[in-house]
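# Structural overview for review
The lines below spell out each chain.
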Amino acid sequence: MESTNRRKFLIASLGALGVAGLGAVLYPLVRFLAPLKSAGIKQNVTLKLSEIPEGGSKVFELNGNAGVIVKLRGGSLAAFSAVCTHLGCIVQWQKEQGQFLCPCHGGQFSAEGTVVGGPPPKPLAKLPFIVNGENVTIG
Ligand code: FES
């Protein structure tokens, strides 16, 4: 009698472990295969022009990727993907040099996004933007 109860308990425990293990495998798989919810992805970004210092930059997130907008001396704007075209590190605007530097392998990009040094094979991807009054909308 006691042996039967132990057997039933053991079978129930193994069954519960099996269900939990199956859930642990299937849940990440379903999450990976499920389409992204559009609510979490920004299709465009609006910034106040006053947030971007003259000669400086502002980093933002767009469609899950880093972007950067620079306000050149004189006030003109340029927006790019901040993802380096070499191996995908995030470039940083160097105010004093007036160019982007990739900290990973020393890639350098001009204020127009063209490669001026290092291993990147292509220019930074330009992002469209519209200035509307005191704001700029990128994307
Ligand atoms: Fe930018 Fe290599 S990832 S230079």
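Look up: the structure comes first, before these words.
An account of the accompanying structure is given in this report. Please read all numbers here as calculations on a predicted model, not as lab measurements.

Turning our eyes to something else, we now look at the state of the cysteines. Evaluated as defined, the whole model comprises one disulfide. The disulfide bridge from Cys-89 ends at Cys-104, spanning 1.8 Å between sulfur atoms. Because the torsion about its S-S bond is -95 degrees, the bridge between Cys-89 and Cys-104 counts as left-handed. One end of the pair, Cys-89, is in the loop between β4 (77–81) and β5 (92–94); the other, Cys-104, is in the loop between β6 (99–101) and β7 (108–109), with 15 residues separating them in the sequence.

Of all seven residues that make up strand β3 (residues 65–71), five are buried, and the element is covered over most of its length. Linking two consecutive strands that pair antiparallel, namely strand β2 (residues 57–62) and β3, is a turn of two residues; a positive phi of about 55 degrees is found at Asn-63 within it. Summarising the sheet, β3 and β4 pair through five bridges and their orientation is antiparallel. Bridging across to β4, Val-70 finds its partner in Ala-78.

Let us look at the nonpolar core. Membership of the largest hydrophobic core comes to 14 residues, with the highest contact counts inside it found for Phe-80, Val-91, Phe-100, Phe-109 and Leu-124. Of all the secondary structure elements, the ones that give two or more residues to this core are β3 and β4. Discounting chain neighbours no more than four positions away, the residues touching Phe-109 are Cys-84, Thr-85, Val-91, Gln-99, Phe-100, Thr-114, Val-115, Val-116, Pro-120, Lys-122, Pro-123 and Leu-124. Grouped together as the second largest cluster of nonpolar side chains are twelve residues, Phe-60, Leu-62, Leu-127 and Ile-138 included.

One open sheet holds the three strands; their spatial order is β1-β10-β9, and the pairing between them is antiparallel. The outermost strands of the open sheet, each flanked by one partner alone, are β1 (45–48) and β9 (129–132). Neighbour-to-neighbour, the strand axes of the sheet open up by a mean angle of 20 degrees, direction not taken into account. In the sheet, β9 pairs with strand β10 (residues 135–138) via four bridges, with the strands oriented antiparallel. Within β10, the position partnered with Phe-129 by the bridge is Ile-138.

We now examine the side chain of Lys-71. Mapped onto the elements of the fold, Lys-71 is located in strand β3. In this structure Lys-71 is buried but unpaired, with Glu-54 as the nearest side chain of opposite charge at 6.0 Å. In this structure the side chain of Lys-71 is engaged in a polar contact, spanning 2.9 Å, whose partner is the backbone oxygen of Ile-52. Setting aside residues up to four positions removed in sequence, Lys-71 forms contacts with Leu-49, Ile-52, Pro-53, Glu-54, Gly-55, Gly-56, Ser-76 and Leu-77.

Let us look at the packing of aromatic side chains. Evaluated as defined, the whole model comprises two aromatic pairs. Measuring from centroid to centroid gives 5.5 Å for Phe-80 and Phe-100, while their planes differ by 80 degrees, and the two rings are edge-to-face. With Phe-80 in strand β4 and Phe-100 in strand β6, this pair connects stretches of sequence that are 20 residues apart. Assigned by exposure class, Phe-80 and Phe-100 land together as buried. With a centroid separation of 4.8 Å and 65 degrees between ring planes, the pair formed by Trp-93 and Phe-100 is classed as edge-to-face. A relative accessible area of 0% means that Phe-100 is categorised as buried. Grouped by ring-pair contacts, the aromatic residues Phe-80, Trp-93 and Phe-100 constitute a single cluster.

Rules of the game
- Residues numbered from 1 in each chain as written.
- Predicted model: local features only at pLDDT ≥ 70, side-chain atom pairs only at ≥ 80, totals over all residues.
- Heavy atoms only, no water.
- Disulfide = S-S within 2.5 Å.
- Helix = DSSP H or I, 4+ residues; strand = E, 2+ residues; numbered from the N terminus.
- Buried < 20%, exposed > 50% of the residue type's maximum accessible area, 1.4 Å probe, protein only.
- Pairing = 2+ DSSP bridges.
- Core = buried A, V, L, I, M, F, W, Y, C linked by side-chain atoms within 4.5 Å.
- Contact = heavy atoms within 4.5 Å.
- Axes fitted to C-alpha atoms, helices over the stretch in contact; angles between N-to-C directions.
- Lys, Arg positive; Asp, Glu negative; His and termini not counted.
- Salt bridge = Lys/Arg side-chain N within 4 Å of Asp/Glu carboxyl O.
- Polar contact = N/O pair within 3.5 Å; in protein donor to acceptor, adjacent residues only side chain to side chain.
- Phe/Tyr/Trp six-rings, centres within 6.5 Å; stacked < 30°, edge-to-face > 60°.

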